[in-house]
Amino acid sequence: MRAASDMHSKDCVKVAVRVRPFNKRERDAGSRCIVSMVSSSITIQDPRDSQSRRSFCFDYAYWSHSGFTRDRSGLYLPEEPGGRYADQGYNATLLAYGQTGSGKSYSMVGYGPNKGLVPKLCDQLFQAIRENQDTRQCQVFFSMLEIYNEQVVDLLSRASRTPGGLRVREEQQRGFYVEGLRTVPCDSAPQVEQLMEQGTRTRTTAATHMNANSSRSHMLIILQLKQIFSKESITKQSNINLVDLAGSERQRSSGSEADRLKEGAAINLSLTTLGNVISTLADVAVGKKVVHIPYRDSVLTKLLQSALGGNSRTVMVATLSPADICYEESLSTLRYAERAKRIQNRAVVNESPTERLVKELKAENARLLQRLSRLGQEGRRANEETKELRQLLTHNELQIRAIQTLWEQHLQEALKDWEQQYANITQERRMMQMHPYILNINEDAQLSGVVKLFIQEDEWDIGLSDSSPRSISIKGLGIQERHAVFRNEQRRVTLTPFAGSKIIVNGNSVSQTTELQHLDRLILGSNCTYLFIGFPSERGGDDWSRYDYDYFQSELAAAEGIHLGESSAGSSQTDPSLLAVFYDYIKLMPMVAEANQMSQELKKGVEFKLEIKNLALSDSKGHDLEKEIVIRVTSMESKQVWMWSKAKFVNRKFLMEDVYQQHQAEQSRENRVEGLSTAALPRDKDPFWDPMEPLLLGTAHLWLQSLAFRIPLEEQLEVLGSEGTEEAILQAQLVPCTSTGLPLGEDDILIDPSELLGRRLDFQLVLEQCCGLRWIREAHNRGVQIGFRLFDCSQPLYTPAVWHNVNPLLDHRVHFASLHTSQHLLDYLQSSAVVLELWGLQEGCTDLVSCLEGVRMTTEGIFIIDEAGPTDTVPVDSAELSCSLRALQQDLEELKSMNASLKKENQSLREQLNTARNGNQHTHQGGDSMRGRSVRPSCDAEFARALKVFYHSMTSVRGQLQRLRRHRPSEESDLLGLRLFVDEQSRLLRDFSEQLEQSVSTLKQDVAAIVRRKRERSGIWS
């Protein structure tokens, strides 16, 4: 009972869940909804297992996926109700948590006419202030900051950005606070919205200057509400923290993705620490003993200490995508929210220290006045003491007046700023109706459309420089001092790049004067994206919202030949796996461009390029491998190559930003081109460098079906790279052999593979030569190895490394043996291939070595496969064993009786056959009897030879089919080129059908001939 009452005295974190509608990406992928909601209960289904469901229960649940309407102004109905905490005098915190794109910012801030929680909260707050202004005086202060890479940026500051960000300090009474953070008094909701717009503009500009990713930053809005009750002489003070957290998507890490460098500086430190704090507090709530809660490990958790387990009432809004392709992230968010709801806070009503000071000063003045009156009654016997008391009284009255007028002064200053901001907005709107302009487009939709750069008549330089009165100043990676010239003449706007400037218009790079059309897409430098808005007469009712950040990147990808909507089957339905890769591709494109620009400016000599891994590769069954994005990293000087996973590249990108910002700081401090510390960065700490590792260049498939018939196979295999390029030609053989390694003859060929069951099967894999190695043709100081894995071999085997040779002789032979061939091995041989992997080696790279641990070999070096180990036996008890034994004895008796009857029948048939032979003894003696004994072996040999010819012909047919699958038109093909492609495709199809028809026809003729000869001789041996 005591524990229960203690629980009621505490205030648990409230958790709300919002499920958003599908976005464009999910609709294009044909996603299905895997989240359902009943009251406040959420159920999520595993898309890979319809029986696997997880249910969670929260305080509030909001279903925005469906069941809403949109009015003419674009407002979605119905609206969601909110709660009230702050006007009671408590500290309050609202946290928005979820993966990038799940609707956090939309829920917090809103978009267009659809207001988020923050504007609605402010509307309700100021409405409550107006309704209660007779009973209390209210003061509201507004602050807005961003935390990126553990640096605090004041989004309302008028001054230039402080290097390293603002400092977070701690006081005993205030707790943690941001030193120097600007606090603006407000007296209306529109003023708060204007300040939010100002902060968003600063955030957009800062993201461009710092080359920052907004999805990795936390935005924190702090509303300080002070309520002064004059009659009761009570002041209630509340801090309201509204937090839009960074994207919570997890970086999948595996052994191949492990990075030698720590995770991108401090980019994820705050979110990781927040998770640790929530987990620790959840453990405390269920009674576990916890020594330390890691509040001090990050800036975010320092500032939110009171919100988590402290003096605050806290609500977390967890935002979800209901799509099956977001299952892992959505489940992770629900688990995170479930832990958060266990946290217990101890919220108390806060009394303002300023009001306490006023009360103390008034009380002291009353005492002083009483003393003065007593002194006056005593005949003014202490003139000096009276004078001192009057001075003290006057000082206290001035201090009281200063405290009471401080709010009015701050408010007047804020109103002047607000009026100036309003004048600027009015001027901007007037300019929009007069001139064309370019509009910023950001990855975060909340930051798009914030910056407008107007192109007035005549010439305007755009670039880093702002020295000229006719210049437009922008900052960002790859932007030159004078980047380009806009000309607005005769109602035509043209753009002319300066030498060396990077400018892309509608996905295509431009180097000459280009006339801009309304809604043209511009990319300046590495990734400064703008939408050109033409003259007012050209605009009409255009909705430019479809030109979002993804549209820009999709246009760039299309220019590189990467198109959304392509599917291997040629159907109209886009392959979801290809779609996921496409969106990864366009997401990483700007990051790769920025990494290349940083490499160029830091003189690292490293080039980054996106590639699609496994685009044209398949597994041993011929099924397509899962596709993913990798980044090819090339040293331009040494020609060394690395392959980085997406997770590793993203991590390194943040580290590169740190190095680049240090370099920029040194440039501005020392005013020269090269910084010292960046040039002297140790190689093992350089994010642009990695130790050498072998690279998978491509694979070839050697199909094993011929081994099931003990037919030798010799192939020339194309080694195809990840994107379908030919890396080399590999000569390989499969040779059925004896246990001593001698090749089998034609007489050993089998007609029915089941004859191998239970018998020994030996064969050799021979890798003779690799020809035309593109890897070594590009740089002769390289080498290669071939790796492969067969059936149940736990570890891959590798050939010895060969170096500096475009056509190396491998002459590598491996003997495999199955001592008792199983049905499992037979099925494998008839349906699978051995995948031969071509690995590239570089200087400083260690060779790949075959690991023989767990591999059984004979003393002659033969690898044993298909071995039934002792673990295959399952222990049974004695009762089961005795039952099985009785059943086997019964089966044995039945088999014995059946065998006896078969023996009798066999004896009868033998006697009939002897009688028939004796009747024809005089006419069919000698050669005919020998031929009778040799008919069956002769037919079997002929049939085996026919099968061998058929399998060899089918090899060329398979090669022709692979060429057909890879044959695609060029992206630059015009109508004539497409016609030529169709003609070529028709020719290849005709050749393929002729080869296939000829192979099958030849086999039919051979089989028919064998059957005919068998029937002609059937009177002899049947």
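Residues numbered from 1 in each chain as written. Predicted model: local features only at pLDDT ≥ 70, side-chain atom pairs only at ≥ 80, totals over all residues. Heavy atoms only, no water.

Turning our eyes to something else, we now look at the overall build of the chain. On a plain count of helices and strands, the chain comes out with 21 helices and 44 strands. Restricting to contacts in the chain with at least 6 residues of sequence separation, those with at least 24 account for 69%. Accessible area for the chain stands at about 54,300 Å²; split by element, carbon and sulfur atoms hold 50% of it. (Helix = DSSP H or I, 4+ residues; strand = E, 2+ residues; numbered from the N terminus. Contact = heavy atoms within 4.5 Å. Areas by Shrake-Rupley, 256 points an atom, 1.4 Å probe, with all protein chains shown as cover.)

Right, let's get into the sheet that holds strand β22 (residues 452-454). Strand pairing in a sheet relies on backbone hydrogen bonds, with the paired strands running either antiparallel or parallel. Here we have six strands laid out as an open sheet, ordered β22-β21-β31-β30-β27-β28, and antiparallel in their pairing. The strands lining the two open edges of the sheet, one partner per strand, are β22 and β28 (508-509). In this structure, strand β21 (residues 437-440) lies alongside β22, joined through three bridges in antiparallel fashion. Each residue of the ladder has a partner; that of Tyr437, found in β22, is Phe454. Across the sheet, helix α12 (residues 549-559) is in contact with β27 (503-505), β28, β30 (521-524) and β31 (528-533); its angle to β30 comes to roughly 80°. (Pairing = 2+ DSSP bridges. Axes fitted to C-alpha atoms, helices over the stretch in contact; angles between N-to-C directions.)

In this section: the confidence of the model for the chain. Taken as a whole, the chain shows an average pLDDT of 78; of its residues, 75% reach a score of 70 or greater. Ignoring residues within four places in sequence, the model shows residues 565-572, a span with pLDDT below 50, making eight contacts including any to other chains. Within the model, pLDDT remains below 50 along residues 922-936, and this stretch shows seven contacts once partners closer than five positions in the same chain are excluded. (pLDDT = per-residue confidence, 0-100.)

On to helix α6 (residues 269-285). Two residues of an α-helix separated by three or four positions point the same way, owing to the 3.6 residues in each turn. Taking 1.5 Å as the rise per residue, α6 with 17 residues should run 24 Å; its terminal C-alpha atoms sit 24 Å apart, in good agreement. Of the surrounding elements, those touching the buried residues of α6 are β9 (92-97), β12 (137-148), β17 (218-229), α7 (299-303), β19 (313-320) and α8 (327-340). (Expected span 1.5 Å × (residues − 1).)

Moving on: the pairing of strand β26 (residues 492-497). The buried fraction of β26 is high, at five of six residues. Relative to β26, strand β25 (residues 484-489) runs antiparallel, the two being bridged by six bridges. The partner of Arg487 across the bridge, within β26, is Thr494. Examined bridge by bridge, β26 and strand β29 (residues 514-515) share two bridges and lie antiparallel to one another. Bridge assignment links Leu495 to a residue of β29, and that residue is Thr514. (Buried < 20%, exposed > 50% of the residue type's maximum accessible area, 1.4 Å probe, protein only.)

This paragraph deals with the packing of α6 against α8. In the contact formed by α6 and α8, the axes pass within 8 Å of each other and the chain directions differ by 50°. Here α6 is positioned oblique relative to α8, judged by the angle of their axes. Touching Leu271, Leu274, Gly275, Ile278, Ser279 and Ala282 of α6 are Tyr336, Arg339 and Ala340, all from α8. Taken together, the residues of the contact of α6 with α8 sort by class into six nonpolar, two polar and one charged. (Parallel < 35°, antiparallel > 145°, perpendicular 65-115°, else oblique. Nonpolar A, V, L, I, M, F, W, Y, C, P; charged D, E, K, R; others polar.)

With that out of the way, let us pick up the sheet that holds strand β34 (residues 641-645). Within the open sheet, the three strands sit side by side as β32-β33-β34. Their pairing is antiparallel. Of all the strands in the sheet, the pair left with one neighbour each is β32 (606-613) and β34. Neighbouring strand axes in the sheet, compared pairwise and without regard to direction, differ in orientation by 30° on average.

This next bit is on the side chain of Glu428. Within the fold, Glu428 resides in helix α10 (residues 383-432). Residue Glu428 is classed as buried on the basis of its relative accessible area, which comes to 17%. Apart from the residues lying within four places of it in its own chain, the contact partners of Glu428 are Arg201, Lys452 and Phe454.

Bringing the environment of Thr634 into the picture now. Structurally, Thr634 can be placed in strand β33 (residues 628-635). Judged by its relative accessible area of 16%, Thr634 falls in the buried class. A sequence separation of 25 residues divides Thr634 from Lys609, and the C-alpha atoms of the two residues are 8.3 Å apart. Excluding residues within four positions of it along the chain, Thr634 makes contact with Gly605, Val606, Glu607, Gln640 and Val641.

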